[in-house]
Amino acid sequence: MNGDVTDPVRPMLDISVGEFSQRLGRMLQRKAELQRIAITGEVSDWHPRGEQGVYFSLRDSNSVLSCYAYASAARKFPQIAKGVSVRAVGAVRTWAGKSEYQLLTDELTLAGVGAIAAAVEALREKLRREGAFDQSRRRLVPRFPQRVALITSPLGDARADFERQLKQRAPNVSVLFFPAAVQGQKADIEIADALRRASASSADVIVVGRGGGSEGDRSAFNSEPVVRAILASRIPVITAIGHVPNVHLADEVADFVAGTPTSAVDKVTSEWARTLERLRNGKSGLLRGYREVVTRSLQRLEIIGRKLEYTRERLVATTLARIRSVDAALNARNPIVRLAAWGSRLARLSATFDALRTPAFERWHNSISARDDKLTLAAERVIGKKTRELEISVATLLSLDPALPLKRGYAILRKAGDVVRDVSRLSRGDELTAQLGQGSLVARVEIVNET
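Draft legend 1. Seen up close, the overall build of the protein chain. Within the protein chain, the regular secondary structure consists of eleven helices and 14 strands. Referenced to the eigenvectors of the C-alpha coordinate spread, the extents of the protein chain come out at roughly 185 × 60 × 50 Å. The buried share of the protein chain, taken over its 451 residues, is 31%. A separation threshold of at least 6 residues defines the contact pool for the protein chain, and within that pool the share at least 24 residues apart is 62%. Surface exposure of the protein chain reaches about 28,700 Å², of which carbon and sulfur atoms provide 56%. In the protein chain, which carries 69 positive and 51 negative side-chain charges, the distance between the mean positions of the two groups comes to 9 Å.

Draft legend 2. Region of the structure containing the nonpolar core. Of all hydrophobic cores here, the largest spans 31 residues; its most connected members are Ile 151, Ile 191, Leu 195, Ile 206, Phe 221, Val 226 and Ile 230. Listing elements by their share of this core, those giving two or more residues are α3 (115-130), β6 (147-152), α5 (187-199), β8 (205-209), α6 (224-232) and α7 (249-253). For this core, the leading source of residues is α5, giving six residues. Aside from chain neighbours lying at most four places away, what touches Leu 195 is Ile 151, Ile 206, Val 226, Ala 229, Ile 230 and Val 237.

Draft legend 3. Region of interest: the sheet that holds strand β13 (residues 431-435). As summarised here, the arrangement of the four strands in space is β12-β11-β13-β14, forming an open sheet in which the pairing is antiparallel. The open sheet terminates on both sides in strands that have one partner only, identified here as β12 (418-419) and β14 (440-444). Alignment of β13 against β14, held across five bridges, turns out to be antiparallel. The residue of β14 that forms the bridge with Thr 433 is Val 442.

Draft legend 4. Geometry of α6. Among all positions of α6, only Val 226, Val 227, Ala 229 and Ile 230 are buried. All buried residues of α6 project into a common sector of 165° when viewed along the axis, lining one side.

Draft legend 5. The arrangement of α5 in detail. Given a rise of 1.5 Å per residue, 13 residues ought to cover 18 Å, and the 18 Å separating the end C-alpha atoms of α5 matches this to within 8%. The inward-facing, buried residues of α5 contact β6, β7 (174-179), β8, α6 and β9 (237-240).

Draft legend 6. Layout of unusual backbone geometry. A positive phi angle is found at Asp 45, which is not glycine, with a value near 55°. The topology assignment puts Asp 45 in strand β1 (residues 37-48). A relative accessible area of 7% places Asp 45 in the buried class. Phi is positive for Ala 416, close to 55°, though the residue is something other than glycine. Looking at the secondary structure, you find Ala 416 in the loop between β11 (412-415) and β12. Judged by relative accessible area, which is 77%, Ala 416 ranks as exposed.

Draft legend 7. Structural detail: a nonpolar patch on the surface. A contiguous nonpolar patch, built from Leu 390, Val 394, Leu 398 and Leu 404 and spanning about 290 Å² of accessible area, is present on the exposed surface. At three residues, helix α10 (residues 359-399) tops the list of elements feeding residues into the nonpolar patch. Locating Leu 404 in the fold gives a position in helix α11 (residues 403-407).

Draft legend 8. Up close: the environment of Arg 36. Among the structural elements, Arg 36 can be located in the loop between α1 (17-30) and β1. Taking relative accessible area as the criterion, Arg 36 reaches 47% and is therefore assigned partly exposed. Spatially, the C-alpha atom of Arg 36 lies 53 Å from that of Arg 137, the residues being 101 residues apart in sequence. Not counting residues within four places of it along the chain, the set of residues in contact with Arg 36 comprises Val 89, Gly 90, Asp 106 and Glu 107. A polar atom in the side chain of Arg 36 sits 2.7 Å from the side chain of Asp 106. A polar atom in the side chain of Arg 36 sits 2.8 Å from the side chain of Glu 107.

Draft legend 9. Quick look at the pattern of salt bridges. For the structure shown, the criterion picks out 21 salt bridges. As a salt-bridge pair, Arg 36 and Glu 107 come within 2.8 Å of each other at their nearest N and O atoms. Taken as a pair, Arg 36 in the loop between α1 and β1 and Glu 107 in strand β5 (residues 100-113) lie far apart in primary sequence, 71 residues in all. The salt bridge partner of Arg 306 is Glu 302, with a shortest N-O separation of 3.0 Å. Of this pair, Arg 306 and Glu 302 are both found in helix α8 (residues 261-332), four residues apart, which corresponds to roughly one turn of the helix. On the accessibility criterion, Arg 306 (48% relative accessible area) is partly exposed.

Draft legend 10. Layout of the side chain of Gln 435. Here Gln 435 shows up in strand β13. Using a relative accessible area of 17% as the deciding quantity, one classes Gln 435 as buried. Here the side chain of Gln 435 touches Gly 439 through a polar contact of 3.5 Å, landing on its backbone oxygen. If we skip the residues at most four places from it in the chain, Gln 435 touches Leu 406, Tyr 410, Ala 411, Ile 412, Arg 414 and Ser 440.

Draft legend 11. How the structure looks around empty space enclosed by the protein. Counted by the stated rule, this structure contains one cavity of 30 Å³ or more. By volume, the largest cavity is sized at about 50 Å³. Contributing to the lining of the largest cavity are Leu 150, Ile 151, Thr 152, Ala 158, Arg 159, Phe 162, Val 207, Val 208, Gly 209, Arg 210, Ala 240 and Pro 261. Elements with a contribution of two residues or more to the lining of the largest cavity: β6, α4 (158-169) and β8. Along the lines of polarity and charge, the residues of the lining of the largest cavity split into eight nonpolar, two polar and two charged.

Cut-off values and rules
- Residues numbered from 1 in each chain as written.
- Predicted model: local features only at pLDDT ≥ 70, side-chain atom pairs only at ≥ 80, totals over all residues.
- Heavy atoms only, no water.
- Helix = DSSP H or I, 4+ residues; strand = E, 2+ residues; numbered from the N terminus.
- Buried < 20%, exposed > 50% of the residue type's maximum accessible area, 1.4 Å probe, protein only.
- Contact = heavy atoms within 4.5 Å.
- Areas by Shrake-Rupley, 256 points an atom, 1.4 Å probe, with all protein chains shown as cover.
- Lys, Arg positive; Asp, Glu negative; His and termini not counted.
- Charge placed at Lys NZ, Arg CZ, Asp CG, Glu CD.
- Core = buried A, V, L, I, M, F, W, Y, C linked by side-chain atoms within 4.5 Å.
- Pairing = 2+ DSSP bridges.
- Arc of directions from axis to C-beta.
- Expected span 1.5 Å × (residues − 1).
- Patch = residues over 30% accessible without salt bridge, like charges linked within 9 Å, V, L, I, M, F, W, Y side chains within 5 Å.
- Salt bridge = Lys/Arg side-chain N within 4 Å of Asp/Glu carboxyl O.
- Polar contact = N/O pair within 3.5 Å; in protein donor to acceptor, adjacent residues only side chain to side chain.
- 1 Å grid on protein atoms, 1.4 Å probe; cavity = no way out; pocket = protein on both sides within 12 Å on 5 of 7 lines; lining within 4 Å.
- Points joined across faces, edges and corners; volume = space filled by probe spheres on them.
- Nonpolar A, V, L, I, M, F, W, Y, C, P; charged D, E, K, R; others polar.

If you want it as structure tokens, here you go:
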């Protein structure tokens, strides 16, 4: 119960965040053993900031320590490379903004090549002798993957960001998620196990990575279990570890190095995105072409309709003119009209004859009457004959009416306004206008039979 904060013997301290940070800093300053301390470790994340000084980290196989040196002290440091072992001397201080502690360094001496860096180099040389870095063993990433296996931490936003960007660029591609710790002591084992499970899945490509971090945080990607799992994968592996200037062993054996998860999304969706864009452009082009074809067709139909209307009116006018001409010619040749004229002349002659009637004339008249009866019979025969001829002519004239065959189911075909009377004038693909009994239509020639 001694650790219970509610113990009435031990009063509770109630302070703000800023005051806690200040108290922690003062407490560290009161610790004499922390005011001058030498710490040995391997350099990682070396970031000079000019006159602001230099930020760097020391690490070993278990931990990472943040360090800072003012520019005046940093100018006295030897040439530093990542991975070397150094002895840093300074005082432990807190960074008030985040209540984090760091070693304020004023001396830095080289202690030789770091064990971690040496181990990585030894593994790199071993893999090189095995041919693990040969370009010939690298596989091409599928142009159109349908399923992507994602290996990253279940914590943070890496998974959500990856899936969101993938859905935006290629919504048809699905993600198979294999969670694994991407930093810490057991991260290499979890990543290697996730790689084996992803390789046995139905995925087309594997993306393994994290969103950057310190060199110590990324140490799992320099481990042999992870490298071996990438080499053993049956499908291509893309690494997206971050910090592109830093090369990891996992990057050196991977089939493609994306640098960041966003770059990995670009790689696996590039062909999908281009294809979808081409499809969208093609659809837009088809719609524009369809509208243009419909517009042109409607314009052509309108022009053809006006031409047909003009042709119909001209044909009707021509036909009516021919009918009137034939009717006038028939009337001129009508025996009834001629006989009526002859009757008028005979009436006038009869009156003249009555005035001149004499016995001799009576005898002559009687003879004329007899002949007149004969003429009457002959005239009747002529009238009957001419009447029959007139009826035949009228029937023939009516048969010439172009509307009658159309009403019986026939049609008048025209090509470019001219009546088609011979199939030898036609070819496959010709456009014809058909005048029917009621309305008209436009047709296209598919087969021409000349027999």
